[in-house]
Amino acid sequence: MATVRRIQLGSQGLQVSAQGLGCMGMSAFYGPPKPDSDMIVLIHHAINSGITFLDTSDIYGPHTNEILLAKALKGGMRERVELATKFGISFADGKREVRGEPAYVRAACEASLKRLDVDCIDLYYQHRIDTRVPIEVTMGELKKLVEEGKIKYVGLSEASASTIRRAHAVHPITAVQLEWSLWSRDVEEEIVPTCRELGIGIVAYSPLGRGFLSSGPKLIESFSKDDFRQYLPRFQPENLEHNKQLYERVNEIAAKKGCTPSQLALAWVHHQGDDVCPIPGTTKMENLNQNIKALSVKLTPEEMAELESIATVDAVKGHRYGGTASTYEDSETPPLSSWKSS
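A short tour of the structure in this document, coming up.

Parameters at a glance
Going along each chain's sequence as written, the residues are numbered from 1 onward. Note on the predicted model: pLDDT of at least 70 is required for a residue's local features to be given, and 80 or more for side-chain atom pairs to be given and counted; whole-chain, interface and lining totals, by contrast, use all residues. Based on all heavy atoms of the structure, the side-chain values leave hydrogens and waters out of the count. A pair is scored as a salt bridge if a Lys or Arg side-chain nitrogen falls within 4 Å of a carboxyl oxygen belonging to Asp or Glu. Helix and strand definitions here come from DSSP, where helices need a minimum of 4 consecutive H or I residues and strands a minimum of 2 consecutive E residues; each element is numbered from the N-terminal end. Categorising residues by exposure relies on relative accessible area from a 1.4 Å probe, with only protein chains included: less than 20% of the type maximum marks a residue as buried, more than 50% marks it as exposed, and the intermediate range marks it as partly exposed. Residues grouped as a nonpolar core are buried Ala, Val, Leu, Ile, Met, Phe, Trp, Tyr and Cys residues, joined through side-chain atoms within 4.5 Å. Note on definitions: a residue-residue contact is assigned when non-hydrogen atoms from the two residues lie within 4.5 Å. Helix axes are fitted to C-alpha atoms over the stretch in contact, other axes to C-alpha atoms as well, and angles between N-to-C directions run from 0 to 180 degrees. When an angle is under 35 degrees it counts as roughly parallel; over 145 it counts as roughly antiparallel; between 65 and 115 it counts as roughly perpendicular; any other value is oblique. Crossing handedness follows the turn of the near helix against the far one: under a right angle anticlockwise gives a left-handed crossing, and clockwise gives a right-handed one. Under the scheme applied, nonpolar residues are Ala, Val, Leu, Ile, Met, Phe, Trp, Tyr, Cys and Pro; charged residues are Asp, Glu, Lys and Arg; polar residues are all the others, including Gly. Helix span is expected to be 1.5 Å times the residue number reduced by one. Taking the helix axis as origin, the arc is that swept by the directions to the C-beta atoms. Each pair of aromatic rings taken from Phe, Tyr and Trp, with Trp reduced to its six-membered ring, is defined by centres within 6.5 Å and is described as stacked if the planes are under 30 degrees apart, edge-to-face if over 60, and tilted in the remaining cases. A ring is scored as having a charge over it whenever the NZ atom of a lysine or the CZ atom of an arginine sits within 6 Å of its centre and within 35 degrees of its normal. The definition of a polar contact used here is a pair of N or O atoms within 3.5 Å, where within protein one atom must be able to donate a hydrogen and the other to accept one, and adjacent residues in sequence count solely through side-chain atom pairs. We treat two strands as partners when DSSP finds at least two bridges between them.

1. Looking at the pattern of salt bridges
- Counted under the stated rule, the structure contains 28 salt bridges.
- The residue glutamate 179 makes a salt bridge to arginine 320 at a minimum N-O spacing of 3.0 Å. In this pair, glutamate 179 sits in strand β10 (residues 173–179) while arginine 320 sits in the segment after α12 (301–310), placing the two residues 141 residues apart along the sequence. Of the two residues examined, glutamate 179 and arginine 320, each falls in the buried class.
- Glutamate 188 serves as the salt-bridge partner of arginine 185, at 2.8 Å between the closest nitrogen and oxygen.
- On the basis of relative accessibility, which here comes to 26%, the residue glutamate 188 falls in the partly exposed class.

Written out as structure tokens, the structure is:
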């Protein structure tokens, strides 16, 4: 298997594999958790294949995905990976809350360190932005955690351009995680240019459109009752019929190219630049190997233009998330002057 190239993520010194591994689906949200033993074999195979950038969060499970990674990284594996986790979404008494106050940031970091069984987290993201707490306040605590050696680099996820700027002014942001794929291109207008202007790396989650760009509409037949994708607007019958056209066109181009639609979709993200690292998730060895091969799919400017002409910003019907979910579109925080620390 070809070696996976390394890229510089952001301008603070973090180097990662050009493709990462999203670990969420192993433990949560995409159906029932998979057996730890199988997932450890998969993670080891990824690392041995050169996919060393592992992505988790304290909310995956909750907590069980971090514990799974701790098991997988025993016995010398820790030194071979770049480990990213996230804080900021809490489920207490069945209620989902986004939090960014300093005491919570610290407590969440300490808890993740313990579950992951590591002394230091390579990249620590704020998973969602707490719109009640000035971003400068949250970043102030993250900066302290860097100074204490508990985390190496700071990231944000689903943050608006102005939130990114304000955060970066307090302490350099190494990476912004955002949804970016042939079926989610809205970030190209403002957020991607902001990251590039500030020297911030971009981590693309759901680069396969939550599996839609791999399997198309038949994907929904495989959803189990606890797969949250069945509630997403884009998978509803009134939108799915329209959205399937995009998959069909991608599939046609992939067939001409001699690759799978998922490899084509991933290759498109890789061709966005060396400051972009997609983190496709999978629980299947075969899919992992297919995803790695996407790194060697080369697209001509003409092929890129053709893909972009069919995957326009408005080519997909339905919002990325349902109802009350927080995204970069509503991540503005109050000014620092309004903060009264207790």
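2. Quick notes on the nonpolar core
- Membership of the largest hydrophobic core comes to 103 residues, with the highest contact counts inside it found for Phe53 and Leu156.
- Apart from residues no more than four positions distant in its own chain, phenylalanine 53 is found in contact with Leu9, Val16, Ser17, Gly20, Leu21, Glu82, Ala84, Leu123, Tyr125, Val203, Cys277 and Ile279.

3. Describing the environment of valine 154
- Turning to its location among the elements, valine 154 is positioned in strand β9 (residues 151–157).
- Along the primary structure valine 154 and glutamine 19 are separated by 135 residues, whereas in three dimensions their C-alpha atoms are 19 Å apart.
- If sequence neighbours within four positions are ignored, valine 154 has contacts with Leu123, Tyr124, Met139, Leu142, Val146, His171, Pro172, Ile173, Thr174 and Ala175.

4. Quick look at the packing of helix α9 (residues 237–257) against α12
- Between α9 and α12, the shortest axis-to-axis distance is 10 Å and the interhelical angle comes to 165°. In terms of orientation, α9 and α12 fall into the roughly antiparallel class. Seen along the crossing, α9 lies across α12 with a hand that is right-handed. Judged by residue contacts, Leu246, Arg249, Val250, Ile253, Lys256 and Lys257 of α9 engage Glu303, Glu306, Leu307 and Ile310 from α12.
- Its residues placed into classes, the contact of α9 with α12 shows five nonpolar, no polar and five charged.

5. Quick notes on the side chain of serine 160
- Here serine 160 is to be found in the loop between β9 and α6 (161–170).
- When near neighbours in sequence (up to four residues on either side) are disregarded, serine 160 contacts Tyr328, Ser331 and Glu332.

6. Re helix α4 (residues 102–116)
- Helix length check: α4 (15 residues) gives 21 Å between terminal C-alpha atoms against 21 Å at 1.5 Å per residue, within 8%.
- Along α4, the residues classified as buried are Tyr104, Val105, Ala108, Cys109, Ser112, Leu113, Arg115 and Leu116. Taken end-on, α4 shows its buried residues confined to a sector of 165°, consistent with a single buried face. Facing away from the buried side of α4, by more than 90 degrees, are the exposed residues Ala103 and Lys114.
- Structurally, α4 contributes buried residues whose contacts are with α3 (64–72), β5 (82–87), β6 (89–92), β8 (121–126), α5 (135–147) and β9.
- A positive phi of about 60° marks aspartate 117, the residue just after α4.

7. Some points on the packing of aromatic side chains
- Taken as a whole and judged by the stated rule, the model has ten aromatic pairs.
- With a centroid separation of 6.2 Å and an interplanar angle of 65°, the aromatic rings of phenylalanine 212 and phenylalanine 235 are classed as edge-to-face. Placement of the pair is phenylalanine 212 in helix α8 (residues 212–215) and phenylalanine 235 in the loop between α8 and α9, with a sequence separation of 23 residues.
- By relative accessible area, which is 0% here, phenylalanine 212 ends up buried.
- The buried category is assigned to phenylalanine 235, whose relative accessible area is 5%.
- Three or more aromatic residues joined by ring pairs form one cluster here, namely Trp183, Phe212, Phe223, Phe235 and Tyr247.
- Directly above the ring of tryptophan 183 sits arginine 234, whose terminal nitrogen or CZ lies 5.0 Å from the centroid.

8. Some points on the environment of glutamate 158
- Here glutamate 158 shows up in the loop between β9 and α6.
- By relative accessible area, which is 2% here, glutamate 158 ends up buried.
- It is 6.1 Å that separates the C-alpha atoms of glutamate 158 and arginine 128, two residues lying 30 residues apart in sequence.
- Excluding residues that lie within four positions of it along the chain, glutamate 158 makes contacts with Arg128, Ile129, Gln177, Glu179, Tyr205, Arg320, Tyr321, Thr327, Tyr328 and Ser331.
- Within the local environment of glutamate 158, its side chain forms a polar contact with the side chain of tyrosine 205, the two groups lying 2.5 Å apart.

9. Topic: the pairing of strand β7 (residues 95–98)
- Strand direction decides the pairing type here: β6 and β7, joined by four bridges, are antiparallel. Counterpart to phenylalanine 91 in the pairing with β7 is arginine 96.
- Connecting the antiparallel pair β6 and β7 is a turn made up of two residues, with aspartate 93 showing a positive phi of about 50°.

10. Re unusual backbone geometry
- Cis peptide bonds are those with omega within 30 degrees of zero, and the linkage from glycine 61 to proline 62 qualifies with -10°.
- With respect to the helices and strands, proline 62 occurs in the loop between β4 (53–55) and α3.
- Unusually for a residue other than glycine, histidine 63 sits at a positive phi of about 75°.
- Relative to the helices and strands, histidine 63 resides in the loop between β4 and α3.
- Of the residues examined, histidine 63 reaches a relative accessible area of 34% and is grouped as partly exposed.
- Unlike most non-glycine residues, glutamate 158 shows phi in positive territory, near 55°.

These values are about where atoms sit, not about what they do.
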